[in-house]
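This is what each chain is made of:
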Amino acid sequence: MREKLEKIKAEALGQIEASDGLEKLNEIRVAYLGKKGQLTSVLKSMKDVAPEDRPKVGQLVNEARELIENRLEETRKELARRAREIQLKKEVIDVTLPAKKANIGHSHPNTIALEEVERIFIGMGYEVVEGPEIELDEYNFTKLNIPPNHPAKDEQDTFYINKDIVLRTQTSPVQARTMEKGKLPIRMISPGRVFRSDEVDATHSPSFHQVEGLVIDKHITFADLKGTLAEFARELFGEETRVKFRPHHFPFTEPSAEVDVSCFKCGGKGCRFCKGSGWIEILGCGMVHPHVLEMCGIDPQEYTGFAFGVGLERIALLKYEIDDMRLLYENDIRFLKQF
Ligand code: DAH
C-alpha cells in the first residue's frame, strides 16, 4: 500500500512539474484528487487494509493529498506569474526610441498671404472689418455706382439668390457698409470670400477671395493712393519692387487704375513668369467716386478717399509661384505641406 501511494505521489508530482498550463493542472487535479481520482480510490480500498494499519495508511494518504494540493497551487501561481511576465514584456515601451513625427497642420497659402497683407496694412494703421457673403444687390452694385442694367453687372457673372439678394461678387460692398456707419475718418481693409459663376480652370474659380481697402479722410489725394500701394508692393514682393499705375475703369472710382508691379522674378527684364513684359498686374484701385460718397452719406466736398481691391489667390499664386489656382482648393496635403 505504501509503495502504491509513493508511486501515485511521484507520478502526480512528475506530471505537475511537466505541465505547461492551467488546463493541464486541472486535469491532473481531477485525475488524482477528484471523486474518481487515484488517491480517492486508495481511500476507498481502505477496507482491505488491516484495521490496525488503517490510521497509519490514512495519514499517509492525507499527507500525499496535501503535498499534491500544495504543489498544484504553487505551480498554478508560478504559471500565472510567467503569463503576467510575458504580457508585461509585450507591453513594454522603450522610452529611448525616437518619437514618431507628429503631423501638425499647415497654414494654407491663402491664409499665409492674407496674414501678410493684414500685417502690412495693420502696420499702416488700418482696421480689419468684415462684411456678409450673402449681400443685397443694392450694396454689391447700386451703392457702388452700378445701377440696374449697367453692363458691369454682366461682367461679374453673379449668383442671384433672388432679384434683390446675391452672393457678393466682390468685397467692395463692405466699402458702402463701412461708409454708411458714418464714423470718419476710415482706414480699413476687408478680406473675404466672393463668388462668380465662372467655370473652374487654372485661373478661375466660382469662389475666391479678395481684400478690399478703403481710406476716407479730408485732403486724401491720388498721391496718397500711390504712396500706400507702392509701400504695400515693396513689403509684399521686396524692397526693389516698382509699381506702375495704368488708367482703367471701375464704376465706383474716378479716376481708376490697375496696378502692375515690376516682375520680382526677373526684376523687370522680362521672363516666362511675367510673359516677357517685366510687369505683373496685381490689383484695381482708384479715388472713391463722389457719387458713391454721396450715396453712403458722406459729403464729397469735405471728404475724399481712395479704394483698392486685391485678389488674394492671385497674391498667393504669385508669391509661391503656383501655376494652377485649382491646387489651392484641392487641399491635397502633399501640396499644402510645402508652405
Ligand atoms: N471690386 C473690383 C473687382 O472685383 C476690384 C476693385 C477695383 C476694388 C477698384 C476697388 C477698386 O476697391 O477701387 O474687380
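Residues numbered from 1 in each chain as written. Predicted model: local features only at pLDDT ≥ 70, side-chain atom pairs only at ≥ 80, totals over all residues. Heavy atoms only, no water.

Asker: Give a detailed account of the pattern of salt bridges, specifying residues and quantitative values.
Answerer: Applying the stated criterion across every chain yields a total of 22 salt bridges. Across the pair lysine 24 and glutamate 27 runs a salt bridge whose closest N-O atoms are separated by 3.7 Å. In this pair, lysine 24 and glutamate 27 both sit in helix 2 (residues 22-33), 3 residues apart, roughly one turn of the helix. Glutamate 27 gets classed as partly exposed once you look at its relative accessible area, which sits at 47%. Where aspartate 217 meets arginine 187, a salt bridge forms, and the shortest distance between an N and an O atom there is 3.9 Å. Taken together, the residues span a long stretch of sequence, with aspartate 217 in strand 5 (residues 207-217) and arginine 187 in strand 4 (residues 186-195) at a distance of 30 residues. Connected through shared salt-bridge partners, Glu78, Arg81, Arg82 and Glu85 make up one network. (Salt bridge = Lys/Arg side-chain N within 4 Å of Asp/Glu carboxyl O. Helix = DSSP H or I, 4+ residues; strand = E, 2+ residues; numbered from the N terminus. Buried < 20%, exposed > 50% of the residue type's maximum accessible area, 1.4 Å probe, protein only.)

Asker: Break down the layout of surface pockets for me, with residues and values.
Answerer: The computed volume of the largest pocket comes to approximately 1500 Å³. Contributing to the lining of the largest pocket are 50 residues, with Thr203, Glu281, Ile282, Gly311 and Arg314 lying nearest its centre. Elements represented by at least two residues in the lining of the largest pocket include exactly helix 7 (152-155), strand 5, strand 6 (243-250), strand 7 (253-262), strand 8 (279-288), strand 9 (304-311) and helix 11 (312-320). At 7 residues, the largest contribution of residues to the lining of the largest pocket is made by strand 8. Considering only residue class, the lining of the largest pocket consists of 21 nonpolar, 16 polar and 13 charged. What the second largest pocket holds in volume is close to 250 Å³. Lining the second largest pocket we find Glu127, Val129, Glu130, Val174, Arg177, Thr178, Lys181, Lys183, Pro185, Ile186, Arg187 and Met188. Partitioning the lining of the second largest pocket into residue classes produces 5 nonpolar, 1 polar and 6 charged. (1 Å grid on protein atoms, 1.4 Å probe; cavity = no way out; pocket = protein on both sides within 12 Å on 5 of 7 lines; lining within 4 Å. Points joined across faces, edges and corners; volume = space filled by probe spheres on them. Nonpolar A, V, L, I, M, F, W, Y, C, P; charged D, E, K, R; others polar.)

Asker: Got a sec to walk through the environment of asparagine 331? Specific residues and values, please.
Answerer: Considering the arrangement of structural elements, one finds asparagine 331 in the loop between helix 12 (327-330) and helix 13 (333-336). Sequence separation between asparagine 331 and phenylalanine 264 is 67 residues, and the spatial gap between their C-alpha atoms is 27 Å. In this structure asparagine 331 touches His108 and Leu336, once residues within four positions along its chain are discounted. (Contact = heavy atoms within 4.5 Å.)

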